[in-house]
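What the coordinates show
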Amino acid sequence: MSFSRLIFLLALALAVVLPVRFWVLEPIYIATASMEPTLPVGRHLFTDKITLRFRPLRREDIVVFRPPVEGEPGDLVKRVIGLPGETVEIRAKKVLINGKELEEPYVQHTRAAEHLEGDNLGPLPVPAGQLFVLGDNRDESQDSSVWRDAQGERVYFISLKDVVGLVRGVY
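Notes on the structure follow. (Residues numbered from 1 in each chain as written. Predicted model: local features only at pLDDT ≥ 70, side-chain atom pairs only at ≥ 80, totals over all residues. Heavy atoms only, no water.)

For the rest of this paragraph, the subject is the overall build of the chain. A tally of regular secondary structure across the chain gives one helix and 11 strands. Taken from N to C terminus, the helices and strands of the chain fall in the order α-β-β-β-β-β-β-β-β-β-β-β. Each principal axis of the C-alpha atoms in the chain carries an extent, and together these give about 70 × 35 × 30 Å. Nonlocal contacts in the chain, meaning residues at least 24 apart in sequence, comprise 66% of its contacts between residues at least 6 apart. By element, 58% of the accessible surface of the chain is carried by carbon and sulfur atoms, the whole surface being about 9700 Å². Here the chain carries 21 positive and 23 negative side-chain charges, and the mean point of each set is 7 Å from the other. (Helix = DSSP H or I, 4+ residues; strand = E, 2+ residues; numbered from the N terminus. Contact = heavy atoms within 4.5 Å. Areas by Shrake-Rupley, 256 points an atom, 1.4 Å probe, with all protein chains shown as cover. Lys, Arg positive; Asp, Glu negative; His and termini not counted. Charge placed at Lys NZ, Arg CZ, Asp CG, Glu CD.)

What follows is the structure, encoded as structure tokens:
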């Protein structure tokens, strides 16, 4: 194989792979236990960057997003709990949306007997263009229930503009 042919094939491969990665699917790695048991540490998944162009986010979607606070390394993965216009409240580790308890069979409490910072919140109205997100492993997740900015002020929501995509299948 000639050198020029090799360069052509490499350029062709990059011309296909890079746009797919930037606009369609991107691999991700689950590095923390915040989404266990749903997404175990070490799992390799894809970020679907197309679907949300055709439909709005839904409660319980698992999303990849840019962190709303400094110090978080890379993109984060959490579950959408509160949508714009809704009111979110947490009472004794139970989530309420507009006053009604949310059924969450995917949730894990590894320290159920302990009273933790995010165990009681709100009620918090979710502003337009924002989301309230939580990890499935509630007692081990840095999320909307506990985030603080550099000045120590609470950060309850992420911007819809910071959502990169939906979490999809294992690879």
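Oppositely charged side chains may form a pair once their charged atoms are brought near each other. Tallying each qualifying case throughout the model produces 14 salt bridges. Across the salt bridge formed by R168 and D48, the nearest N and O atoms sit 3.0 Å from each other. Highlighted residues: R168 in strand β11 (residues 163–170) and D48 in strand β2 (residues 44–48), separated in sequence by 120 residues. On the basis of relative accessible area, R168 is assigned to the partly exposed category, the value being 36%. A salt bridge links R154 to E117, with the nearest nitrogen and oxygen atoms 3.6 Å apart. (Salt bridge = Lys/Arg side-chain N within 4 Å of Asp/Glu carboxyl O. Buried < 20%, exposed > 50% of the residue type's maximum accessible area, 1.4 Å probe, protein only.)

Our next topic: the packing of aromatic side chains. For the structure shown, the criterion picks out three aromatic pairs. Here F65 and W147 contribute two aromatic rings whose centre-to-centre distance is 6.1 Å and whose plane-to-plane angle is 75 degrees, an arrangement assigned as edge-to-face. Within this pair, whereas F65 is found in strand β3 (residues 62–65), its partner W147 is found in the loop between β9 (130–134) and β10 (158–159), the two being separated by 82 residues in sequence. There is no split in this pair, since F65 and W147 are both buried. Judged by centre distance (6.3 Å) and plane angle (65 degrees), the rings of F132 and F157 are edge-to-face. With F132 in strand β9 and F157 in the loop between β9 and β10, this pair connects stretches of sequence that are 25 residues apart. By relative accessible area, which is 15% here, F157 ends up buried. Pairwise contacts between aromatic rings join F132, Y156 and F157 into one cluster. Residue placement shows R79 over the ring face of Y106; its charged tip is 3.7 Å from the ring centre. (Phe/Tyr/Trp six-rings, centres within 6.5 Å; stacked < 30°, edge-to-face > 60°. Lys NZ or Arg CZ within 6 Å of the ring centre and 35° of its normal.)

Mapped onto the elements of the fold, R79 is located in strand β4 (residues 76–82). Each C-alpha atom of the pair R79 and L52 lies 15 Å from the other, and the pair is 27 residues apart in sequence. Those residues in contact with R79 that lie beyond four places of it in its chain are M35, T38, E60, D61, I62, Y106, F132, V133, L134 and D136.

The element β4 is extensively covered by neighbouring structure, given that seven of its seven residues are classed as buried. Where β3 meets β4, four bridges bridge the pair, whose relative direction is antiparallel. Of the residues in β4, the one forming a bridge with F65 is L76. Relative to β9, β4 runs antiparallel, the two sharing three bridges. Looking across to β9, one finds that G82 is bridged to F132. (Pairing = 2+ DSSP bridges.)

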